[in-house]
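Spelled out from the first residue to the last, the chains are:
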Amino acid sequence: HLIDVSTSNEHKTSAHVENTVQLQKWKKYGYIQEAATSGHGGNYEGLGDIWTVLPGISMLGASRQQKQGRPNIWASIPENDEASHPRHQSALAGSFALHYNLTHQVTIPGGLEGGDEVLVDRSGWHRKRALMLNSDDTAVNDGSSNNNSKDDTTMSIDHLFSHGTCLDNIYPGKSSNGHGRGALASRLIPSGSIVAPVPVLPLPRDELKFLRLKEWKKVTSFRKKLLKETAGGKSDGDGDVTEDELPLPPDMEWRQQLLLNYCYGHEQSSVLLFPYGVFVNYINHAPSASESTDGPVANVKLQWSERLMNTTTKLDVRSLTPSQLWEQSTPPEGLILELVALKDIKPDEEILLDYGSIWSEAWKEHSDQYPESILKLADDHTLEKEYSPAYIMDDVVTNLRTVEEQTQFPYPENVFTACFYRYDTEATTKSDTVNKGKTEATPWKMSLGLFDMTNLRPCKVISREPANDRFATPQQLKQQGQPPQGKMLYTAIIQNRPGLPANERIPKGTKHIVSGIPRGAFRFVDRPYASDIHLDGAFRHNIGVDEAGIYPEVWLDLKSE
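All figures in this text were calculated on a predicted structure; none of them were measured in a lab.

Cut-off values and rules
- Residues numbered from 1 in each chain as written.
- Predicted model: local features only at pLDDT ≥ 70, side-chain atom pairs only at ≥ 80, totals over all residues.
- Heavy atoms only, no water.
- Helix = DSSP H or I, 4+ residues; strand = E, 2+ residues; numbered from the N terminus.
- Buried < 20%, exposed > 50% of the residue type's maximum accessible area, 1.4 Å probe, protein only.
- Contact = heavy atoms within 4.5 Å.
- Areas by Shrake-Rupley, 256 points an atom, 1.4 Å probe, with all protein chains shown as cover.
- Core = buried A, V, L, I, M, F, W, Y, C linked by side-chain atoms within 4.5 Å.
- Phe/Tyr/Trp six-rings, centres within 6.5 Å; stacked < 30°, edge-to-face > 60°.
- Pairing = 2+ DSSP bridges.
- Salt bridge = Lys/Arg side-chain N within 4 Å of Asp/Glu carboxyl O.
- Patch = residues over 30% accessible without salt bridge, like charges linked within 9 Å, V, L, I, M, F, W, Y side chains within 5 Å.
- Arc of directions from axis to C-beta.

### A closer look at the overall build of the chain
Part 1 of the reasoning: Broken down by element type, the chain carries 14 helices and 28 strands.
Part 2 of the reasoning: Buried residues in the chain amount to 47% of all 561 residues.
Part 3 of the reasoning: Taking contacts inside the chain between residues at least 6 apart in sequence as the whole, the part at least 24 apart equals 80%.
Part 4 of the reasoning: When the accessible surface of the chain is totalled, it reaches about 28,700 Å², and 50% of it is carbon and sulfur.

Next up, the structure:
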């Protein structure tokens with residue numbers, strides 16, 4: 001996730017708006033999605049806009065907007081955990097994405113045939129269809145073989161085999177070298193053969209610097225004061241300056257987006273390359289065989305894929321300077337690296353890449369300083385034993401506590417409760433109010449598409465009652481006694497989440513109470529800036545390719561004289 005990247009907030013200067021130009025292009029052309037509307041989670045990672053980067057099929061596949069017809073695959077909610085590297089045990093904490101294993105499913109009858117093009121759902125088409133909101137449903141017939149415009153999107157198998165590259169030589173799994181998650185070989189991969197294609201998107205290094213929403217308020221105040229002092233007591237107050245001209249307050253430093261850890265980079269270049277091929281972001285580091293080591297060594301290397309780039313028919317963007325790269329009206333596409341096996345790689349053997357000497361030195365310095373390097377979070381969330389990730393709380397808490405009970409037995413400070421609920425503006429009645437001490441509540445209803453992350457709202461549990469069989473007679477209910485542990489129904493105050501459209505927002509001042517909510521509709525959620533990726537000292541460094549020889553000389557714009 002990219003944290004607090006909103007470019008329209010009143011507290012941000014025009015310099016910051018310009019600092020996300022390339023990321024905005026990525027978003028415009030579908031390489032980035034908004035977490036609030038994608039349905040894949042991450043909505044609560046920060047207080048500003050959260051953007052989601054989905055490497056693999058989600059970025060490789062064309063979208064429905066680019067092609068005629070309906071999307072033919074759909075992805076639900078990814079998994080979320082610390083990969084056995086919690087903050088109080090591992091220096092790796094916060095250095096990798098917690099969300100993973102976003103799995104796509106084919107959604108058309110009969111499936112996809114060999115040579116069919118994959119069309120990704122980037123506009124929420126399937127979600128809208130489930131809610132009967134699609135305006136073009138009449139033009140879509142799931143039983144029609146023409147829905148996917150096969151004349152335009154189908155390639156012959158012979159052409160595919162002669163011009164394409166295999167994507168399933170690697171698969172994600174548990175790292176055999178203690179790195180948490182890793183990429184493993186699906187089959188025997190002979191030395192010198194292509195392990196996987198690695199398409200990359202170039203990005204200015206400075207665009208991965210960010211500040212949290214609240215920090216921009218301090219910056220604005222500091223810069224106005226500085227402008228006034230440097231202008232002889234006068235200030236135009238517009239803040240229209242570059243980041244270099246007006247520094248941050250003395251006690252503040254730029255933060256780095258987690259995406260930096262997944263980018264290839266060169267110390268003498270402002271250009272980063274983000275790899276978005278299938279599973280390539282799972283590949284961990286190991287030193288080269290030439291280095292003295294008793295442990296595992298790198299078994300793949302990176303090189304440009306001249307065949308897949310097809311530079312004979314279009315501009316080779318490697319000939320452009322960084323400034324020329326950023327002047328392109330669309331994200332510079334067509335840059336494709338490939339991973340090549342340095343030796344025979346056995347089935348299920350972990351794929352390992354040398355991240356370079358500069359990265360290795362940075363990691364050694366970080367790991368030597370652990371745990372002091374990541375002892376605390378900003379906003380006074382400390383590395384204490386009561387910290388418990390949201391996914392752990394969901395596993396261990398069967399019966400939810402009411403707000404009153406939490407005054408004596410509070411949950412860890414890093415989490416809050418949320419509920420899957422769809423607010424119906426047309427159904428807003430006096431059931432949303434509390435009158436004369438009597439609570440009238442709206443019954444919770446199950447509906448198609450409800451368990452979508454866009455419907456996960458903050459809530460406060462105010463009461464619970466046994467979930468007895470609603471079809472049982474009074475005598476049967478008496479004989480049943482207390483239901484099994486966890487079989488409870490809850491009443492809760494439902495709140496708005498950030499990013500909701502106006503028609504889904506509960507009106508300000510309205511206490512919207514919902515009853516009969518099952519435990520399965522609740523989730524614990526990490527508060528903004530509370531999960532491991534927000535640890536102040538979490539490791540941040542691009543994957544080094546300085547020694548790989550893949551950066552063209554024209555990109556080395558930071559090269560010292």
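Here the narrative resumes, following the displayed structure.
### Some details on the nonpolar core
Part 1 of the reasoning: One finds Val 195, Tyr 264, Leu 273, Leu 339 and Ile 351 to be the most contacted residues of the largest nonpolar core, which totals 40 residues.
Part 2 of the reasoning: Listed by contribution, the elements that provide at least two residues to this core are strand S10 (181-185), strand S11 (194-204), strand S15 (271-275), strand S17 (300-304), helix H10 (322-326) and strand S18 (336-341).

### Concerning the packing of aromatic side chains
Note on aromatic pairs: each is described by the distance of the centres and the angle between the planes.
Part 1 of the reasoning: Inspection of every chain in the model, using the stated rule, returns 13 aromatic pairs.
Part 2 of the reasoning: Geometrically, the ring pair formed by Trp 363 and Phe 539 is edge-to-face, given 5.1 Å between the ring centres and 85° between the ring planes. Highlighted residues: Trp 363 in helix H11 (residues 357-369) and Phe 539 in the loop between strand S27 (522-526) and strand S28 (543-544), separated in sequence by 176 residues.
Part 3 of the reasoning: Given a relative accessible area of 7%, Phe 539 falls into the buried group.

### Let's talk about the sheet that holds strand S20 (residues 415-420)
Part 1 of the reasoning: Strand order in the open sheet formed by six strands is S23-S26-S25-S24-S20-S27, with mixed pairing between adjacent strands. Edge positions in the open sheet fall to strand S23 (442-443) and S27, since each of these has one partner strand only.
Part 2 of the reasoning: Here five bridges tie S20 to S27, and the two strands are oriented antiparallel to one another. By the bridge assignment for S27, Ala 418 is matched with Arg 523.

### Considering the pattern of salt bridges
Part 1 of the reasoning: Applying the stated rule across the entire model yields 14 salt bridges.
Part 2 of the reasoning: The structure contains a network of salt bridges with shared partners spanning Glu 215, Arg 255 and Asp 536.

### Considerations on the environment of Trp 304
Part 1 of the reasoning: Looking at the element boundaries, Trp 304 is found in strand S17.
Part 2 of the reasoning: Separated by 32 residues in sequence, Trp 304 and Ile 336 place their C-alpha atoms 6.3 Å apart.
Part 3 of the reasoning: In this structure Trp 304 touches Leu 273, Met 309, Arg 318, Leu 335, Ile 336, Leu 337, Glu 338, Ile 550 and Trp 555, once residues within four positions along its chain are discounted.

### Considering the environment of Pro 275
Part 1 of the reasoning: By the secondary structure assignment, Pro 275 is in strand S15.
Part 2 of the reasoning: The sequence separation of Pro 275 and Tyr 262 amounts to 13 residues, and the corresponding C-alpha distance is 7.4 Å.
Part 3 of the reasoning: Not counting chain neighbours up to four residues away, the residues in contact with Pro 275 comprise Pro 55, Val 198, Pro 199, Val 200, Tyr 262, Cys 263, Tyr 264, Val 280 and Asn 281.

### Thoughts on a nonpolar patch on the surface
Part 1 of the reasoning: A surface patch of nonpolar side chains, about 390 Å² in accessible area, is lined by Met 155, Ile 157, Leu 160 and Phe 161.
Part 2 of the reasoning: Tracing the chain through its elements places Phe 161 in helix H7 (residues 157-163).
Part 3 of the reasoning: What makes Phe 161 exposed here is its relative accessible area of 69%.

### Thoughts on helix H2 (residues 21-28)
Part 1 of the reasoning: Every buried residue belonging to H2 is among Gln 22, Leu 23, Lys 25 and Trp 26, and all of these are buried. The buried side chains of H2 occupy one side of the element, clustering within an arc of 155° when seen end-on.
Part 2 of the reasoning: Immediately beyond the C-terminal end of H2, within one or two residues, lies Gly 30, with a positive phi of roughly 90°.

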